[in-house]
Each structure stands twice: as structure tokens, then as C-alpha cells.
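Per-entry structural report
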Amino acid sequence: MFTKILVANRGEIALRVIRACRELGVRSVAVYSDADAHSTHVRAADEAMRIGPPASRESYLRGDVIVEAALASGAQAIHPGYGFLSEREWFAKSVRDAGLTWIGPPAEAIAAMGSKTAARRLAIAHDVPVVPGNTEALTDAGEAEKVASGFGYPVLLKATAGGGGKGMRVVRAASELAAALDAARRESKNAFGDDAVYMEKYIEGPRHVEIQLLADQHGRVLSLGERECSVQRRHQKMIEEAPSVAVTPELRRAMGAAAVRVAKAAGYTNAGTCEFLLDRDGKFYFLEMNTRIQVEHPVTELVTGIDLVEWQIRIACGERLPFPDTIEPRGWAIECRITSEDPQNGFLPSTGRIDYLHVPGGAGVRWDGGVEAGSNVGLFYDPMLAKLIVWGATRAQAVARMHRALLELEVDGVESSREFHLRVMEDAEFRAGNIEIQWLERRLPSLLAVPATEAELEAAAIAAALIADRDAAGRTSTRRGPVDSGSRASGGSGDDVRAWARAAIREGVERS
Ligand code: MV4
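Below you will find a few notes about this structure. (Residues numbered from 1 in each chain as written. Predicted model: local features only at pLDDT ≥ 70, side-chain atom pairs only at ≥ 80, totals over all residues. Heavy atoms only, no water.)

Take glutamate 310: it is sitting in helix α11 (residues 308-316). At 2.7 Å, the side chain of glutamate 310 forms a polar contact with the side chain of arginine 314. If near-sequence neighbours (up to four positions away) are discounted, glutamate 310 is found in contact with Ala20 and Leu24. (Helix = DSSP H or I, 4+ residues; strand = E, 2+ residues; numbered from the N terminus. Polar contact = N/O pair within 3.5 Å; in protein donor to acceptor, adjacent residues only side chain to side chain. Contact = heavy atoms within 4.5 Å.)

Across the sheet, 3 strands lie side by side as β7-β6-β8; this open sheet has antiparallel pairing. The open sheet terminates on both sides in strands that have one partner only, identified here as β7 (169-171) and β8 (197-201). Going from strand to strand, the sheet's axes swing by 30° on average, the running direction of each strand aside. Here strand β6 (residues 155-159) pairs with β7 via 3 bridges, running antiparallel. (Pairing = 2+ DSSP bridges. Axes fitted to C-alpha atoms, helices over the stretch in contact; angles between N-to-C directions.)

In this structure, the second largest pocket spans a volume of roughly 420 Å³. Around the second largest pocket, the lining comprises 20 residues; the ones closest to its centre are Gln344, Arg418, Glu419, Phe420 and Arg423. Elements that contribute at least two residues to the lining of the second largest pocket include exactly β22 (410-412), α13 (418-426) and α15 (439-448). Residues belonging to the lining of the second largest pocket are distributed by class as follows: 10 nonpolar, 2 polar and 8 charged. (1 Å grid on protein atoms, 1.4 Å probe; cavity = no way out; pocket = protein on both sides within 12 Å on 5 of 7 lines; lining within 4 Å. Points joined across faces, edges and corners; volume = space filled by probe spheres on them. Nonpolar A, V, L, I, M, F, W, Y, C, P; charged D, E, K, R; others polar.)

We now examine the pattern of salt bridges. For the coordinates displayed, the defined rule picks out 44 salt bridges. Salt-bridge contacts for glutamate 372 lead to arginine 43; the nearest nitrogen and oxygen are separated by 2.2 Å. Here glutamate 372 is found in the loop between β19 (365-369) and β20 (376-377), whereas its partner arginine 43 is found in helix α2 (residues 40-44), with 329 residues between them in sequence. Judged by its relative accessible area of 54%, arginine 43 falls in the exposed class. Notably, a salt bridge pairs glutamate 200 with arginine 120, separated by 3.0 Å at the nearest N-O pair. Of this pair, glutamate 200 sits in strand β8 while arginine 120 is found in helix α6 (residues 116-125), placing the two residues 80 residues apart along the sequence. Each member of the pair, glutamate 200 as well as arginine 120, carries the same accessibility label: buried. Among the charged side chains, a salt-bridge network with shared partners connects Glu210, Arg227, Lys237, Glu240, Glu296 and Arg337. (Salt bridge = Lys/Arg side-chain N within 4 Å of Asp/Glu carboxyl O. Buried < 20%, exposed > 50% of the residue type's maximum accessible area, 1.4 Å probe, protein only.)

Shown next, in the form of C-alpha cells:
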């Protein structure tokens, strides 16, 4: 086992890796930008090294500085977490070239999966189903029209260097193809520095189901089953679960075997994920492979009992996977990403100091956080504050438990996605498991318009009455007794009690 690992990341995933190190008896080295000098991950690690100013490209993306820090600290290995440098082939190479161990797949496997057309060719060569489409970059609109007429509209233009939805264009008719191709090329060039684009048949209303893999350095590749990640907005996943209501044991075996074939073909080692679309007929199509630990990895951990980050480290050390070939999920796990975004305001990122944080607890609740009371939330990095993950014996229990845990959660000082998640847990379609990748965007307006419950209205009324009472007392400088009638509270409230509060007072206090 290593004696010291450098964690090339920040926030909750840095903390997640530091915790795994501690359990393994390995010392951890955090890196931090000036914005993170007092962050949770810095204090949690055994050592910490400054790597630059707040901007990511001057700190967490400085592979050269991070390798230098690792060498200077005496670390033997680097764990990249997710995002930042985790899927940069050049960084995996430079870690290796510096004589350090990369806790991730070989640079060659990252490169093989970096080209979406190369990944499709690899999948096809190993009998893994892909969406109908071509496997080479399109040359021009004329060729694009020929390919499209091969399987019919709608089609989807995708960036060869893409992933995560950038550079994608749905085309519903031949007349739109040339302009869409130009637009996709421009977007792709901007995002990836490469304007190569290819085409697939557009699948309407599928689920996004992915397979978690672990692969050791002795040729063993294991599927740890699926995660359902359909609840997403603008390619940002919001809620993930394991297993998926749409996956039967037979489908799980077939998708797992397909993912294992792709990984073996790519010479893959360490943790990785194969993304699939699952259509309404239960047919699955390989999309791409993510060559990193993913945000949503905890739901797999909770239903398999396998610590994925621990095994990333053990695999990088050369250990063999000790698990059986078939691993069936036990119970149900759900993850909600708690972000500092305001759902009522188009998920606008919110900034400020977290004045107060109450973290949920109790049976079956896990909190993977990166912030605490006193933390400052800025705009330099991702808005994810924490992941709230629950386990239940059944999906219904997991949903009830998540709802209960969300009720316990309190984040003061910045807006958060808490309310949004509560509304999803209350939603009949979600509770029925009736979700696909367009579900959230279709459902969002009605989710956010849900009227307050009677209990919430009553609480708001009481709060409003107390505020009105306090303000009235302040103006007259005489301390008055408790609110004894709604009419007095609403009558004496003045201008600072807004319309909603007056309505709430009428609805709530007068009744109680
Ligand atoms: C698709 C698709 C429909 N048909 N490909 C989006 C990101 C990238 N990983 C692939 N993506 C998609 N590819 C075909 N042929 C729909 C999506 C897609 C999607 C996929 C997974 C999760 C969320 C998504 C949201 C919008 C579109």
C-alpha cells in the first residue's frame, strides 16, 4: 500500500478520497487555490499545498504544478477525483512520467474513450449495441444527408470529441441539416478545439442508465450493476439511483457483460462507467465510457457494499479484486445533489457564506459534503455543496427516507436545491419510477409551482405573526405579549409584512 497520496481536487470528492486514505492508513496531501485556503478538504488532509490563484486554470487545472507538489510532498500516487484533470490523457501521462502512480485508468484507455467515434467502433467490434449512425467524422452536408436518409429523421449531430451534451444538435428534417451541421461544428470547435462531428439516430424519451465497472491489473473486469440517472436538467444530473426500476436481472446481466467487453477491449483498469440509453422497448445502446470515479458513485456503494474509492486505490497498488463475478444489488439507494442554486430562479447559482448548516442523519442516511457552516460559496467552482444519499430496503422506503432527510436539512446563507428535491420526492410520476431523460424539464414548471401545504402555511403564518408582533413592539418600544389574534397581527403589521404573509396569517392564524 502507498504511504502517501496527493488528492488533486477540492470539495466533497477531495474529502471523499481523503477519508478513504485515512481508512487505509495512507497519509493524504490536499492541494488548494487561494479561494480554498480555509476549506474543509484542506483541514481534513494530513498536509496541504497551495497551487495557485482561485481560477481553476491557474490552480486545479495546473497539472505541472500539481505533479511538482506531489513530488515535493513525497506522495507516491495522485488521485484526480472527477472533473478538473481526471480525464486528461496528458495529465495521466505526466503523472506516470514523473514516476508517480496514477489512480485511474491508463492514459491510453482515456484516449481510446475520448474519441466518441473510436469508442463506437470499439463497441461495434465487440458486439456491443450502439445507436444506429456512422462511426467517422462527417465531411460535409451532402454526406450528412446521405447518412441521415439511411435511417431517417430525427437525427442527432454529436461532437467526436464530445461528451456531456456539448456540440449536440437534434435535426428533424433534411432542410435543417446543413445549418445544424455548421452550428454543431462551431460549438464543438469552441468547446473542444476540434470541429469533427458525426451522426446518430435520435432516440426519443430514453432513460440514461450506466454500468459501474471495476477492473484490476490482472485482467479481471467486474460489473457492479447499473445506476439510473435520467433525472437531469441541461445535462446536469440532479438525482441518481441504484438499481433502476427499468432493469431486470436479465437486462442487468446483458448490459453488464456489454460494458465489461468494452472495458476489456480498451485495456481498461480501475473504476469506470459505461453510459447507455435504454429505450422504451428495453433495448440498450452504448453511448460512451467515463474514465473516472463519478459523482453518483455512492448509490452503487450502498447497494453493493463495495467502497469504490478504496478499491480505486487498491487496484492502483496492484491488488486483485476479491469479489464474485455476479453482484446483485441489495435494497435501493438514491442520491440528491444539493447545490447552491435557486430552483425558483432558473437554478441561478447563489453565492455567500453558509451561516448555518444542519446535516440530516439517522438510519440509512449518508452525507458526502464539501462545505460546513462558515464556508464561503463563490462562483469559481461547481455549485455542488454536498450529496445526500439514502439507502432503503425498497425504492418506496428510500424515497420516504430521502424526503425525511431533506426535511431535516437546513442550509442558511445561500439558496439551495433542497426544496426542489422535496418536490421531486413528493411527485407521483417520480414515485412510480416513471422517468426518462426529458422528464425533469417537462415536469419542472409544475414541480416548482406546487402550493404550500397546510402545515407550511401555518408555520409561515406563525412566523409572519411573530415578526409583525416584534416589529410592532419595536415601533412602540413596549414589549407585548404573545400573538392572541390574527386580526391584531395583520392589522398591526405595517408595510413590511408582504402580501403572502398577510394571506398566510388569514389562512393560518385565524383558523388556529
Ligand atoms: C443521445 C440522445 C438521444 N439519441 N443519443 C447526451 C450527452 C451524451 N452523453 C449523449 N447524450 C444523448 N445522446 C441519441 N442517439 C440523448 C442524449 C441526451 C442525454 C443522455 C443521457 C443523459 C441525459 C441526456 C439529456 C439529453 C440528451
